[in-house]
Amino acid sequence: MPALVAPVAQARTAAGFPLVAAGRTPTIYVDGNDAAVVTIAAKAFAKDVEAVSGVLPGVRTTTPAGDVAIIAGTLGQSAVIDQLVAQGKLSATALRQQPEGYVIADIKGGISGVGRALVVVGADRRGTAYGIFELSRMIGVSPWTWWADLKPAHQDTITLPIDRIEHKSPSVKYRGFFINDEDWSIRPWAEEHDPTGTIGPDTYARVCELLLRLRGNLLWPAMHKVTVAFNLDARNAKVADDYAIVMGASHAEPMLRNNVGEWNHTQRGEYNYDTNGPAVLEYWRERVKANGNYENLYTIGMRGLHDSAIVAGHEADGVALLEKVVADQRQLFRNELNRDPATVPQVFVPYKEVLDVYRKGMKVPQDAILGWVDDNHGYIRQLSTDAEQKRAGGGGVYYHISYWGKPNDYLWLDSTPPALIGEEMRKAYATNARAMWMLNVGDIKPGEKGTEYFLDLAYDFDGTSKLTQHDWLRQWATRTFGKEQADAVATLLGEYYRLSYARKPEHMGYNDEELGIEGTDMSPVAYGDEAERRMRGYLALDAQASRIADALPENLRDGFFQLVQYPIHGAAKMNEKILRADRSFLYAWQGRASANLQADAAIAAFRDVKAATATYNAIGDGKWTRFMDDAPRYQSVFSAPPVGRVQPAEASGLGVAVEGSVDALVSSPATPQADYGLRMKPWRNDNAPRDRLPTFVRATDQRHFIDVFSTGAQALDFTVTASEPWIRVDRSDVRPGGDVRLWISIDWGRLGGQRAEGNVTVAGMGSQQMVSLTADPMTARAGTLVEDNAIVAIEPHHYSKLYNRGGSGWRHVPGLGRSGHALESGAGTASSNDAASAPYAEYRFITQGSGAARLRLGFVPTFPLNGEHKLRYAVSIDGAPAKVVDIEANKDWDDAVQRATTVTTTEWQLDKPGAHSLRIFAMDPGLVMDSIVLDLGGLRKSYMAPPETIAR
């Protein structure tokens, strides 16, 4: 096998250090007096070397010896390391000032009995562990090696080109994740695989090792009632401490107490601090005494027993009550730990109703972290004001990439784009939320990519935040699957995230937990069939993922299936299931015999998901049995969908359906099993003709479709005749059941310069139908935004000019938003009182008409940065006085987070046809503009904004 020369970043290189050569590898030496995590990490690295080379290094606590050796240790805890520092062989002055930092150095001489040593030294125990696991990364071992079955490629020789690597303190002090909503995946899996039958010490050892490999340091353990509470098994806390992981507990679990598993109503009474304070306080005291010698980040404050509001008397003052709770909790630190409370790490998490209490004026101790929260769907509700940013405790964030709750869960697949995580966390970092970043990851799998990106940002914010989503995904794919397929994988995942963000797979049912699957408003008739465009987009990704998998070496395919293929396949088949079910109702309404085939395909897609899940759980001879569940909480969206069916006509007839209309021109229609008229409402446009296509505009050169179908068992047999030589008909698009989608376009070179009318006649099976059309020869320079069918649709990044103020304003963020090309006004954008002083994006466009127009701007549903700002934009067309819009004023949050957009409108009057200018002003920080549509009366119902009307 070829030799591996491991890549090194931020390093001075010299002649390579021989890690494996001729079947031999250096011994790894650690000090027996050092922290347990150093030995744990050293042994894990030794296994990593064996996984790559087949050679297992020894790990010893004896005096180092040999021509070459690896020595790992912590400043002040390793005699050999301290000796090297004292001799001047290893500079550690700067390292001492960098908690969790490390140095890796190739040192020749200075150690008796050792000719050459690769030395890993940490400022503290975690720093040493991070340094050791950096070596694992360098030899090609993924942090997910166990969790995603990523087997590194074999190499007979490994050389590390290291002179010296230095890494300073992480950007965020406490960085970690929360195992939550574990009822359907990791807990059932642990029931099969953990000796305790629950998430116990063996599982937590795997979790803690993963955290270290991802350079995290904080864990909120699983806490649902189905799981035995973390601290009821004292071995769990010991495992966490051995791995140097700081333990905390969720926003609903103050003082490390898992209430649903530990509070005993019979023995202690009501969990109510207002009426039963002494019993609650004693309950907390017991945990502080039991766990006080470990590293902890205590959640302070109080909520209900589980994820619910605090219980108190009707007359209780919420502010005063919570302030007393916090004061009493801090006194426990003084009494039980004999420590000044200001020196005990604490976080106050104003989650849900607690944020309302905080906003009423609750005083939180200055030394406690303010742990700001998102809305459970990825949008941070509030961040620190200028005054709060000066607090000694600083700020933090509790963020979700998985959620159980209203308005809808998303527990199955990883669908939060890194671009959105980055946009929100950049705001957090800019407002000094740098003390704690906590990520709700659900069951860990399948949230691997979002978890790694989040922790990369937290560990090295400056380096990671500079990367676009595609850049980071490409780097991740290179590390994980090799450089040959990295760009293809990054592109694949980027489009997966865009589609999944526009509507999460779990939200495709358009329902809540109480209702069955409803029809979508993803139109199968508007704008070239947006529903099919979405479905085909997903299915193309699924096919591309399969091709990439086939091109990967065998050792990476299990990991690729888990990390890439399964999420894409699951999302693709969920969308196919729902959208084909929608189409079955449309086709039944139109009298198509092929409605039944669409219904069958929807059911087949449902079964495909089940089969893929079985494959996932069978990986590694059943290693993941019961881990992947494709129907968490058994919500109806995961069920086989309702479908429309027909009784085909005995005498087969011919039908024609045009783009834009749900109604068909049809003779002898198939008979629907029920009246599906109400199902058409989301797609029906008033006065949409069933016998005319949308206007063809030369500038945009869009084509439009006519569907031709049979109503019975007889095969479709028809002819197509165009009335004019400039009308082109492509009949090659044959659909299930023999339906044909005719794509109509215009040969502009044969049309001439005048607006013209024509028609297409479809004849056969005893009838004929004629469809009219109009061709508009309006031209514009390529790239010009123009009116098409009485709308102008604009992608936000296609501005003609950006005007920023003070270096801040609108910024294009690739990968962000439903469009994948949103503009954001970052945290550094100043709020403005008038548009004249605000930064703006300018767009230029051409219309053919004038008169009334409605401007619709779609925004990612973020929140105002903090209480000192609103979320406003201003807009002006053709220099008219700017109109200011407060996005929050009429925001429907339930709808916005499921659609991933909130749309605002302003009314305008265009004085003349021709060239126009549009300016959109960022009046506040935190705006994310995702779509721009000017409706001159032609806007059709659709889920997404219409495709951009840009001249070709």
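Residues numbered from 1 in each chain as written. Predicted model: local features only at pLDDT ≥ 70, side-chain atom pairs only at ≥ 80, totals over all residues. Heavy atoms only, no water.

By the naming in an unreviewed UniProt entry, the protein is Gylcosyl hydrolase 115 C-terminal domain-containing protein, taken from Novosphingobium guangzhouense.

A. Examining the overall build of the protein more closely. For the protein, the count of helices and strands is 21 helices and 41 strands. Taken over C-alpha atoms, the radius of gyration comes to 31 Å for the protein, in line with the 30 Å a tight globule of 952 residues would show. Here the C-alpha coordinates of the protein stretch approximately 95 × 75 × 60 Å along the principal axes. Across the 952 residues of the protein, 62% fall into the buried class. For the protein, restricting intrachain contacts to residue pairs at least 6 apart in sequence, the fraction spanning at least 24 positions comes to 77%. Looking at the protein as shown, the accessible area adds up to about 34500 Å², and 48% of this sits on carbon and sulfur atoms. Here the protein contributes 101 positively and 115 negatively charged side chains, and the mean placements of these two sets differ by 3 Å. (Helix = DSSP H or I, 4+ residues; strand = E, 2+ residues; numbered from the N terminus. Rg over C-alpha atoms; globule rule 2.2 N^0.38 Å. Buried < 20%, exposed > 50% of the residue type's maximum accessible area, 1.4 Å probe, protein only. Contact = heavy atoms within 4.5 Å. Areas by Shrake-Rupley, 256 points an atom, 1.4 Å probe, with all protein chains shown as cover. Lys, Arg positive; Asp, Glu negative; His and termini not counted. Charge placed at Lys NZ, Arg CZ, Asp CG, Glu CD.)

B. View of the UniProt feature "domain: Gylcosyl hydrolase 115 C-terminal" (unreviewed entry) in the protein. When the UniProt feature table is mapped onto this chain, "domain: Gylcosyl hydrolase 115 C-terminal" (unreviewed entry) is found at residues 786-948. This span, residues 786-948, is 4% helix and 44% strand, and a straight line between its end C-alpha atoms measures 9 Å. (UniProt positions renumbered as here; feature names shortened; annotations may be inferred.)

C. Structural context of the sheet that holds strand β21 (residues 665-666). Reading across the sheet, the five strands line up as β21-β20-β24-β27-β26 and stay open at both edges, with antiparallel pairing between neighbours. Taken across any chain shown, the strands that pair with only one partner, and hence form the sheet edges, are β21 and β26 (727-734). (Pairing = 2+ DSSP bridges.)

D. Quick peek at the pairing of β26. Relative to strand β27 (residues 740-746), β26 runs antiparallel, the two being bridged by six bridges. Bridging across to β27, D733 finds its partner in R741. Here β26 folds back onto β27 in antiparallel fashion, the turn holding five residues, of which G737 has a positive phi close to 85°.

E. Highlighting the domain arrangement of the protein. As assigned here, the protein comprises domain 1 (17-167), domain 2 (174-466), domain 3 (497-646), domain 4 (649-776) and domain 5 (784-951). A C-alpha centroid distance of 70 Å is found between domain 1 and domain 4. (Domains from an automatic or database assignment.)

F. Up close: the sheet that holds strand β15 (residues 346-348). In space, the eight strands of this open sheet follow the order β13-β12-β11-β18-β17-β16-β15-β14, with parallel pairing throughout. Both outer strands of the open sheet, β13 (246-247) and β14 (298-300), are each paired with one neighbouring strand and no more. Across the face of the sheet, helix α10 (residues 318-337) comes into contact with β14 and β15 while running at roughly 145° to β14. (Axes fitted to C-alpha atoms, helices over the stretch in contact; angles between N-to-C directions.)

G. Representation of the pattern of salt bridges in the model. Using the criterion set out here, one finds 65 salt bridges in the structure. The partner of D241 in a salt bridge is R125, and the shortest N-O contact between them spans 3.4 Å. On the criterion of sequence distance, the pair formed by D241 in helix α6 (residues 234-242) and R125 in helix α3 (residues 125-138) is long-range, its members being 116 residues apart. Across the pair R592 and D739 runs a salt bridge whose closest N-O atoms are separated by 3.4 Å. (Salt bridge = Lys/Arg side-chain N within 4 Å of Asp/Glu carboxyl O.)

H. Local environment of helix α5 (residues 201-213). Compared with an ideal rise of 1.5 Å per residue, which puts 13 residues at 18 Å, α5 spans 18 Å between its outermost C-alpha atoms and is within 8% of the ideal. Burial runs high along α5: 11 of the 13 residues are buried. When we look at burial in α5, the residues that qualify are P201, T203, Y204, A205, V207, C208, E209, L210, L211, L212 and R213. Positive backbone phi, at 65°, marks R215, one or two positions downstream of α5. (Expected span 1.5 Å × (residues − 1).)

I. Up close: α10. For α10, built from 20 residues, the straight-helix expectation of 28 Å at 1.5 Å per residue is met to within 8% by its first-to-last C-alpha distance of 28 Å. For α10, every residue scored as buried is listed here: V319, L321, L322, V325, V326, D328, Q329, R330, L332, F333 and L337. In this structure, the buried residues of α10 make contact with α9 (273-291), β14, β15 and α11 (353-359). With its phi angle positive at about 55°, N338 sits one or two positions after the end of α10.

J. Inspection of the environment of N272 at higher detail. Within the secondary structure, N272 is located in the loop between α8 (265-268) and α9. With 39 residues separating them along the chain, N272 and V311 place their C-alpha atoms 5.4 Å apart. At a separation of 2.8 Å, a polar atom in the side chain of N272 contacts the main-chain amide nitrogen of D274. (Polar contact = N/O pair within 3.5 Å; in protein donor to acceptor, adjacent residues only side chain to side chain.)

K. Up close: unusual backbone geometry. Cis geometry marks the peptide bond from K406 to P407, where omega comes out at -5°. Mapped onto the elements, P407 comes out in the loop between β17 (395-400) and α12 (418-430). Looking along the chain, the bond that leaves K445 and enters P446 is cis, with omega of 5°. Tracing the chain through its elements places P446 in the loop between β18 (436-442) and α13 (448-459). Positive phi outside glycine occurs at E100, with the angle close to 70°. Its place among the elements puts E100 in the loop between α2 (79-86) and β7 (102-108).

L. Examining the side chain of Q469 more closely. With respect to the helices and strands, Q469 occurs in helix α15 (residues 469-481). Excluding anything up to four places from it in sequence, Q469 contacts P417, P418, A419, G494, P814 and G815.

M. Spotlight on the packing of α9 against α10. One way to put it is that α9 packs onto α10 with a least axis distance of 10 Å and a crossing angle of 30°. One element, α9, and the other, α10, form an angle in the roughly parallel class. Relative to α10, α9 is oriented so that their crossing is right-handed. Contact with α9, carried on its side by Y273, D274, L281, W284, R285, V288 and K289, involves L321, K324, V325, D328, Q329, L332, F333, E336 and L337 of α10 and no other residues of that element. Its residues assigned to classes, the contact of α9 with α10 comprises nine nonpolar, one polar and six charged. (Parallel < 35°, antiparallel > 145°, perpendicular 65-115°, else oblique. Left-handed = near helix turned anticlockwise from the far one by under 90°. Nonpolar A, V, L, I, M, F, W, Y, C, P; charged D, E, K, R; others polar.)

N. Structural detail: the packing of aromatic side chains. What the rule picks out here adds up to 44 aromatic pairs. Here W147 and W624 contribute two aromatic rings whose centre-to-centre distance is 6.2 Å and whose plane-to-plane angle is 25°, an arrangement assigned as stacked. Taken together, the residues span a long stretch of sequence, with W147 in the loop between α3 and β9 (158-160) and W624 in the loop between α19 (595-622) and β19 (646-647) at a distance of 477 residues. The class for W624 is buried, based on a relative accessible area of 0%. Cation over ring: R503 sits above Y510, and NZ or CZ is 3.8 Å from the ring centre. Taking NZ or CZ as reference, R731 lies 4.1 Å from the ring centre of F718, over its face. (Phe/Tyr/Trp six-rings, centres within 6.5 Å; stacked < 30°, edge-to-face > 60°. Lys NZ or Arg CZ within 6 Å of the ring centre and 35° of its normal.)

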